[in-house]
Amino acid sequence: MKEISIGLLGCGTVGTGVAKILIENKELIRSRVGAVLKLKYAADIDIKRDRGIRFDEGVLTDDAEKVLDDPEIDIIVEMIGGVGIAKDFILKAIRNGKHVVSANKALLAAYGNTLVKAAAEKRVDFAYEASVGGCMPIIKTLRESLAGNRIISMIGILNGTCNYILSKITDEGMSFEAALTQAQACGFAEADPTLDVEGFDTAHKLAILNALAYGMEINLKDIYIEGISEITHMDIELAGQFGYRIKLLAIGKNRGDRVEARVHPTMIPFDNLLSNVNANLNAVMVSGDAAGDMLLYGYGAGMMPTASAVVSDIVDIARNLLSGTTGRIPALAWQPEAIRKIPVMPVDEIFTYYYIRFSAEDRPGVLSKISGILGENEISIKSVHQKGRKIGGLVPIVMLTHRAKEANVKKALAEIAVLDIVGNKPVLIRIEDEDE
Ligand code: HSE
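Residues numbered from 1 in each chain as written. Predicted model: local features only at pLDDT ≥ 70, side-chain atom pairs only at ≥ 80, totals over all residues. Heavy atoms only, no water.

1. A short note on the environment of Ala291
As a reminder of what qualifies: Put simply, DSSP H or I for four residues or longer makes a helix, DSSP E for two residues or longer makes a strand, and each gets a number counted from the N terminus.
Locating Ala291 in the fold gives a position in the loop between strand 11 (281–288) and strand 12 (292–299). As for Ala291 and Ile391, which are separated by 100 residues in sequence, their C-alpha atoms are 50 Å apart.

Below you can see the structure in the form of structure tokens.
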């Protein structure tokens, strides 16, 4: 029986999960692959901690260089995270002719183009299924299953922490802080939770998906990013009254010679399947010109769901090695020469529906003044609601708009915000709804 040797770099939460699957499901994997996937090394700076698994003698090591330099190692699995040493180790692994598996979304978003190029030049496989959506095979779906489709759009809930927080606030009335603390205790929040709540982690994932879907270079810097830290109980409650739930969405849309790439809190109707993706679950709706709409749903974080995706990459590479077909599927789904720099559409140019909430004086002429400004800016109002209690002499007024241009909405809000009949900054939340 053939043996394929694996060197794991980083034995934290997900790395331990990978080791656990490789050790505990060794026979099952052997039966499927037709070779033994041998965990030769698991390297970590802390090799004393009890990880709840029995490693064979000599597997645990604190010497990552030894793993990278071992000629017997076929596949390096980078589970360190971050954009520092992880990048150096991956580049060294590639230079040493080793195939690489990583779950490192931040690294891919920042340096994915470089890493993919280095792997292609060295003719080694580079796989990163676990970088987006944990156990959901969204990367395999884009790289393989939908290879015959022109992708029209992708709309995803890609951060378990934000989804957990929004779900807890919406369904249990919990405070933002308490929900975040719980998410951290559950172990799916990033070490720096601002990466989660300010939308950066979701943007890292969207940058990867857009590249795979549209044949563009990974482009993080042009993604519009807004997190959930300013979402209030009042807006969540009002959204519910209008038949919407608020989710942090990653939106990647094909706009011909450009793409829309944005991350922001979004209202979605109750009857949209994504509206029912709650707690720390993730989902992504992909629309292809041949396939139509398809939804992937599952755990986007956590030890075993993420490790499941990592092991699927290891198995893919092992199968490639056994059949001598390395490089069969391009790392970014497109042949390197077909990958273009497709511009991201500035958010000001998008057209969508809006929820706008003002705090305004409750007296004659206020509404006509506000709606006059919206009208002058070509924003058509779908409905107006005066909801909730008076606070400091002001009442909340909510307007839902028809499709409008973002630049016009922002201009109108800036004009309204300086009126003396209006208090505070108006609240603006985009709505993702079917075209009317
Ligand atoms: N912090 C991420 C999340 C982990 O909450 O989804 C998975 O990428």
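2. Focus: the layout of surface pockets
Rules: The distinction between a cavity and a pocket rests on a 1 Å grid over the protein atoms alone: a 1.4 Å probe fits inside a cavity but cannot get out, while a pocket stays open yet meets protein on both sides within 12 Å along at least five of seven lines, and a residue with an atom within 4 Å of a point counts as lining. Grid points are joined across faces, edges and corners, and a volume is the space filled by probe spheres set on the points. Under the grouping applied here, Gly and all other residues not named as nonpolar or charged are polar, the nonpolar ones being Ala, Val, Leu, Ile, Met, Phe, Trp, Tyr, Cys and Pro and the charged ones Asp, Glu, Lys and Arg. What fixes the domain bounds is an automatic or database domain assignment.
The space that makes up the largest pocket amounts to roughly 810 Å³. Surrounding the largest pocket, 37 residues form its lining, Val14, Gly81, Lys105, Ala189 and Glu190 being those nearest its centre. The set of elements that each furnish at least two residues to the lining of the largest pocket consists of helix 1 (13–24), helix 5 (105–121), helix 7 (160–172), helix 9 (194–197), helix 10 (200–214) and helix 12 (303–323). Split into classes, the residues belonging to the lining of the largest pocket amount to 13 nonpolar, 17 polar and seven charged. A domain split of the lining of the largest pocket shows at least three residues from each of domain 1 (3–136 + 303–338) and domain 2 (138–299).

3. Structural notes on the pattern of salt bridges
Applicable threshold: A pair is scored as a salt bridge if a Lys or Arg side-chain nitrogen falls within 4 Å of a carboxyl oxygen belonging to Asp or Glu. A 1.4 Å probe rolled over the protein chains alone gives each residue an accessible area, and that area as a share of the maximum for its type sets the label: buried under 20%, exposed over 50%, partly exposed in between.
Within this structure, the stated rule accounts for 29 salt bridges. Between Lys117 and Glu121 there is a salt bridge, with the nearest N and O atoms lying 3.6 Å from each other. With Lys117 and Glu121 both in helix 5, this residue pair falls four residues apart, about one helical turn. Comparing Lys117 with Glu121, the two get one shared label, exposed. The partner of Lys205 in a salt bridge is Asp201, with the nearest N and O atoms 2.6 Å apart. Of this pair, Lys205 and Asp201 both sit in helix 10, four residues apart, which is roughly one turn of that helix. Of the two residues examined, Lys205 and Asp201, each falls in the buried class.

4. Here we look at the site of the ligand
What counts is decided by this rule: For this purpose, a residue is taken to be near a molecule or strand whenever a single non-hydrogen atom of the residue falls within 4 Å of it. Think of a polar contact as two N or O atoms within 3.5 Å of one another; within protein, one of them needs to be a possible hydrogen donor and the other a possible acceptor, and neighboring residues in sequence only count if both atoms come from side chains. Only the protein chains shown count as cover for residues, and the accessible areas themselves come from Shrake-Rupley with a 1.4 Å probe. A molecule is counted as occupying a cavity or pocket when more than half of its atoms fall within 2 Å of that pocket's grid points.
Around the ligand, the surrounding shell consists of Lys105, Asn159, Gly160, Thr161, Phe188, Ala189, Glu190, Asp196, Asp201, Lys205, Gly300 and Ala301. At 2.6 Å, a side-chain N or O of Thr161 approaches an oxygen atom of the ligand. One nitrogen or oxygen atom from the side chain of Lys205 is found 2.7 Å from an oxygen atom belonging to the ligand. Across the complex, the protein chains shield 92% of the 260 Å² of accessible surface that the ligand would expose by itself. For the ligand, the cavity whose grid points lie within 2 Å of the majority of its atoms is the largest pocket. Contributions of two or more residues to the shell around the ligand are made by helix 7 and helix 10.

5. A word on the sheet that holds strand 1 (residues 2–9)
The criterion, for reference: When DSSP locates at least two bridges between a pair of strands, those strands are taken to pair. Note on contacts: a residue pair qualifies if any of its non-hydrogen atoms lie within 4.5 Å across the two residues. Axis definition: a line fit to C-alpha positions, over the contact stretch in the case of helices; interaxial angles, taken between N-to-C directions, run 0 to 180 degrees.
Sheet architecture is open: six strands sit in the order 3-2-1-4-5-6, paired in parallel fashion. The sheet is open, and its two edges are formed by strand 3 (60–61) and strand 6 (126–127), each paired on a single side. Strand direction decides the pairing type here: strand 1 and strand 2 (residues 35–43), joined by eight bridges, are parallel. Within the sheet, the bridge partner assigned to Gly7 lies in strand 2 and is Tyr41. Helix 4 (residues 85–95) contacts strand 1, strand 4 (75–78), strand 5 (99–102) and strand 6 of the sheet and is inclined by roughly 155 degrees relative to strand 5.

6. Remarks on the nonpolar core
The condition is simple: The term nonpolar core refers to a set of buried residues drawn from Ala, Val, Leu, Ile, Met, Phe, Trp, Tyr and Cys, joined through side-chain atoms within 4.5 Å.
Counting residues in each nonpolar core, the largest one holds 80 residues, and the members touching the most others are Phe126, Ile138, Leu142, Leu209, Ile228 and Tyr355. Residue contributions to this core peak at nine residues, all from helix 10. With sequence-adjacent residues up to four places away left out, Leu209 is seen in contact with Val132, Ile138, Ile139, Leu142, Met154 and Leu158. Formed by 32 residues, the second largest nonpolar core is a distinct cluster that contains Cys11, Val18, Leu37 and Ala103.

7. Things to note about empty space enclosed by the protein
Taken as a whole and judged by the stated rule, the model has one cavity of 30 Å³ or more. In this structure, the largest cavity occupies an estimated 30 Å³ of space. Along its surface, the largest cavity is lined by Tyr244, Tyr353, Lys382, Leu400, Thr401, Ile431 and Asp433. Classifying every residue of the lining of the largest cavity by side-chain character gives four nonpolar, one polar and two charged.

8. A short note on helix 14 (residues 406–417)
Stated formally: Multiplying 1.5 Å by the helix residue count minus one yields the expected span of that helix. What the arc covers is the set of directions going from the helix axis to the C-beta atoms.
In a regular helix each residue adds 1.5 Å, so twelve residues correspond to 16 Å; helix 14 covers 16 Å between its end C-alpha atoms and thus fits that length. For helix 14, the set of buried residues is Glu406, Val409, Ala412, Leu413 and Ile416. For helix 14, the arc enclosing every buried residue in end-on projection is 130 degrees, short of the 170-degree limit, so these residues lie on one face. Residues of helix 14 that are buried make contact with strand 13 (351–361), helix 13 (366–376), strand 16 (404–405) and strand 17 (422–431).

9. Section: the domain arrangement of the chain
How big an interface is tends to be stated in terms of the accessible area lost upon association of its parts. Our working definition: We define buried area as the total accessible area lost by two parts upon association, computed with a 1.4 Å probe and summed across both.
Each assigned domain of the chain is listed here: domain 1 (3–136 + 303–338), domain 2 (138–299) and domain 3 (347–431). If you look at the interface, domain 1 gives 25 residues, while domain 2 gives 28 residues. For the domain 1 and domain 2 pair, buried surface summed over both sides reaches about 2,200 Å², with 63% attributable to carbon and sulfur atoms. In terms of surface lost to domain 2, no three residues of domain 1 exceed Lys105, Val132 and Met136, which account for 29% of the buried area on that side. Residue Glu190 is joined to Lys105 by a salt bridge in which the shortest nitrogen-to-oxygen separation is 2.8 Å. Taken together, the links from domain 1 to domain 2 amount to eleven residue pairs in polar contact (both at pLDDT 80 or more). Elements with a contribution of two residues or more to the side of domain 1 that touches domain 2: helix 5, strand 6 and helix 12. Per-element tally for the side of domain 1 that touches domain 2: the top contributor is helix 5, with six residues. Taken together, the residues that form the side of domain 1 that touches domain 2 break down as 17 nonpolar, five polar and three charged.

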